[in-house]
Amino acid sequence: MSENFVVTATAPVNIATIKYWGKKDEKLIIPVNDSISATLSSDYMCAKTTIAISPNFEKDQIWLNGIEESIENPRLLNCIRNIKNKAKIGTDKLKWKIHICSENNFPTAAGLASSSAGYACLVYALSHIYNVKENISDIARQGSGSACRSIYGGFVQWYTGIKNDGSDSIALQLAPASHWPEMRVIILVVNDKQKKTSSTIGMQRTVETSKLLHYRVKYCVQGHIDKMIQAIKNKNFDLFAEITMRDSNQFHAVCLDTYPPAIYMNDTSHAIASFVHEYNAAANSYKVAYTFDAGPNACLFTLEKNVPALLYTITKVFPTSGSVKDYITGIPINIENKSINAPEINISMQSDLLKYVIYTKVGEGPTLLPDTESLLNREGLPLRLA
Ligand SMILES: Nc1ncnc2c1ncn2[C@@H]1O[C@H](COP(=O)(O)OP(=O)(O)OP(=O)(O)O)[C@@H](O)[C@H]1O
Ligand SMILES: C[C@@](O)(CCOP(=O)(O)OP(=O)(O)O)CC(=O)O
């Protein structure tokens, strides 16, 4: 296979601080409101995708985490078709069949935004194979709405847009990760066996049944967006924390106002939210903020200087029956230091409410990887199958 027709890329997940919830166009994935997110470092959570095209392939194929999946997924096909429409390579090559192989280095479809990294990575790799240079976030959006924000690193805004064809419903970077290098993210993965209602189905039901959503879109989101932009620009953590938590709470209120309700947070999630408020109250300032997506896991934002005391307290309030070393993954950190000056908190939950903790930070957008990182062999077949 010619080198030019194999591309391997990696793309990050992103966590919204102002939530996207509800579409005004289901097929084109145009949201009812703007949203803002932070892109997380690819070092600890990312999708990796190799794409090859060749005249020797007999059919289009996709492997996800070592298992062949059907290519007849309308969102996947939309992304491939939209990229091909903008392609700048010979028409003969547009007819070549495509092999896609992708892996996530964290659990897929577990409420950890795998679809955002997955579709951003797919579209980014496709754009390099087919030589597409323009903004590709509107194409990633059609894989999964939140994926359009993973096309950029740092802090990102996804604009609803006003055009019916969705061409101005794109993401743009508000500030690079280097603008606020102290920002840190701690993900608390909650033990939960329950199957969630997918974001796609949940938000569809919300649009159909919740009056509160229409109130949120009309009267609240723009204020949250303006304040969030101000918080990011001025590196004002107090404002960032308050608006992040208020927007998450309002999003879950809207989910509860859905009929039948879409319930994503569980008892552990609520215990985490209470813990964060108590921690900030004990410290007499905003040290940490929570946000919850369509699942029970918490994403905490904090500043680097607060991390040791916060992680230390998390291991006391939400203890593990295993070793702390295995409990906290991600950026290496030593929290056994006795001199840590943590605020006094008098809550202690039972052991093992959390599965594990990922300590990470805000990071860069998608990148190309060298050929040595390819997930496909010279015949265009996966190197590893599950
Ligand atoms: N690396 C990937 N490449 C291509 N598609 C992917 C990849 N990872 C995930 N997906 C797609 O995203 C789907 C999972 O999306 P889903 O929204 O259910 O879960 P999630 O993104 O992990 O959770 P949430 O959106 O609630 O945070 C997968 O079934 C698959 O279709
Ligand atoms: C709660 C959210 O994470 C919802 C994400 O929804 P998806 O982007 O997964 O939904 P689809 O566009 O239907 O694929 C909030 C957010 O990321 O803004």
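A quick note: this is a predicted structure, and the numbers were derived from the prediction, not measured.

1. Structural notes on the nonpolar core
Thought 1: Residues F155, F240 and L300 are the most contacted members of the largest nonpolar core, which totals 102 residues.
Thought 2: Split by domain, the residues of this core number at least three in each of domain 1 (3-176 + 368-373) and domain 2 (183-361).
Thought 3: Every residue in contact with F155, bar those within four places of it in the chain, is listed here: S37, A38, L172, Q173, L174, A175, P176, W180, M183, I232, F240 and V362.
Thought 4: The next biggest cluster of nonpolar side chains, apart from the first, holds 15 residues, and it includes C148, M203, F251 and C255.

2. Considering the sheet that holds strand β9 (residues 97-104)
Thought 1: Reading across the sheet, the 6 strands line up as β8-β7-β9-β6-β1-β17 and stay open at both edges, with mixed pairing between neighbours. Looking at the sheet topology across the chains shown, the edges are occupied by β8 (67-69) and β17 (367-369). With strand direction ignored, the average angle separating the axes of adjacent strands in the sheet is 25 degrees.
Thought 2: Summarising the sheet, strand β1 (residues 6-12) and strand β6 (residues 46-54) pair through 7 bridges and their orientation is antiparallel. Note on β6: the bridge partner recorded for A11 is A47.
Thought 3: Packing of helix α3 (residues 114-129) onto the sheet brings it into contact with β1, β6, β9 and β17, and relative to β1 it is tilted by some 150 degrees.

3. Side note on the environment of L385
Thought 1: Here L385 shows up in the segment after β17.
Thought 2: Along the primary structure L385 and I89 are separated by 296 residues, whereas in three dimensions their C-alpha atoms are 31 Å apart.
Thought 3: Not counting chain neighbours up to four residues away, the residues in contact with L385 comprise W63 and G66.

4. A closer look at the site of ligand 1
Thought 1: With respect to spatial proximity, 16 residues lie near ligand 1, and among them S102, N104, S114, S115 and K196 are the closest.
Thought 2: Here an oxygen atom of ligand 1 and a side-chain polar atom of S114 are 2.8 Å apart.
Thought 3: Between ligand 1 and the protein, one listed contact pairs an oxygen atom with a backbone N or O atom of S115 at 2.8 Å.
Thought 4: Contact with the protein chains removes 81% of the 640 Å² of surface that ligand 1 exposes when unbound.
Thought 5: Mapped onto the shell around ligand 1, the elements with two or more residues apiece are β9 and α3.
Thought 6: When residues in the shell around ligand 1 are grouped by element, the largest group, 4 residues, is from α3.
Thought 7: Considering only residue class, the shell around ligand 1 consists of 7 nonpolar, 8 polar and 1 charged.

5. Here we look at the site of ligand 2
Thought 1: If you check the shell around ligand 2, you find 18 residues, and the closest are Y20, R75, S144, G145 and S146.
Thought 2: Separating an oxygen atom of ligand 2 from a backbone N or O atom of G145 is a distance of 2.7 Å.
Thought 3: Taking T200, its side chain carries an N or O atom lying 2.8 Å from an oxygen atom of ligand 2.
Thought 4: In isolation ligand 2 offers 460 Å² of accessible surface; the protein chains occlude 94% of this area.
Thought 5: Take the shell around ligand 2: its biggest share by element is 3 residues, from helix α5 (residues 199-209).

6. Brief notes about the pairing of strand β2 (residues 14-18)
Thought 1: Summarising burial for β2: 5 of the 5 residues are buried, a large majority.
Thought 2: Relative to strand β5 (residues 35-39), β2 runs antiparallel, the two sharing 4 bridges. Counterpart to N14 in the pairing with β5 is T39.

7. What about the pattern of salt bridges?
Thought 1: As enumerated under the stated definition, the model contains 9 salt bridges in all.
Thought 2: Of the charged contacts, one joins K86 and D138 as a salt bridge, the two residues approaching to 3.9 Å between their closest N and O atoms. With K86 in the loop between α1 (74-85) and α2 (91-94) and D138 in helix α4 (residues 137-140), this pair connects stretches of sequence that are 52 residues apart.
Thought 3: What makes K86 partly exposed here is its relative accessible area of 25%.
Thought 4: Note on D138: relative accessible area 12%, which makes it buried.
Thought 5: Where E134 meets K88, a salt bridge forms, and the shortest distance between an N and an O atom there is 3.6 Å. Here K88 lies in the loop between α1 and α2 and E134 lies in the loop between α3 and α4, a separation of 46 residues in the sequence.

8. Things to note about the domain arrangement of the protein
Thought 1: Here the domain parsing of the protein yields domain 1 (3-176 + 368-373) and domain 2 (183-361).
Thought 2: For domain 1 versus domain 2, the separation of C-alpha centres amounts to 26 Å.
Thought 3: In this assembly, domain 1 packs against domain 2 so that about 3000 Å² is buried in total across both faces, 72% of it on carbon and sulfur atoms.
Thought 4: Three residues stand out in domain 1 for area buried against domain 2, namely K19, W21 and Y44, and they jointly supply 28% of the buried area on that side.
Thought 5: For the pair domain 1 and domain 2, the interface holds 1 salt bridge.
Thought 6: Measuring nitrogen to oxygen at the nearest pair gives 2.6 Å for the salt bridge that ties D293 to K19.
Thought 7: Summed over the shared surface of domain 1 and domain 2, the result is 7 residue pairs in polar contact (both at pLDDT 80 or more).
Thought 8: Residue composition of the side of domain 1 that touches domain 2, by class: 18 nonpolar, 8 polar and 5 charged.

Definitions and cut-offs
Residues numbered from 1 in each chain as written. Chains lettered and ligands numbered in written order. Predicted model: local features only at pLDDT ≥ 70, side-chain atom pairs only at ≥ 80, totals over all residues. Heavy atoms only, no water. Core = buried A, V, L, I, M, F, W, Y, C linked by side-chain atoms within 4.5 Å. Buried < 20%, exposed > 50% of the residue type's maximum accessible area, 1.4 Å probe, protein only. Domains from an automatic or database assignment. Contact = heavy atoms within 4.5 Å. Pairing = 2+ DSSP bridges. Helix = DSSP H or I, 4+ residues; strand = E, 2+ residues; numbered from the N terminus. Axes fitted to C-alpha atoms, helices over the stretch in contact; angles between N-to-C directions. Near = heavy atom within 4 Å. Polar contact = N/O pair within 3.5 Å; in protein donor to acceptor, adjacent residues only side chain to side chain. Areas by Shrake-Rupley, 256 points an atom, 1.4 Å probe, with all protein chains shown as cover. Nonpolar A, V, L, I, M, F, W, Y, C, P; charged D, E, K, R; others polar. Salt bridge = Lys/Arg side-chain N within 4 Å of Asp/Glu carboxyl O. Buried area = accessible area lost by both parts, 1.4 Å probe.

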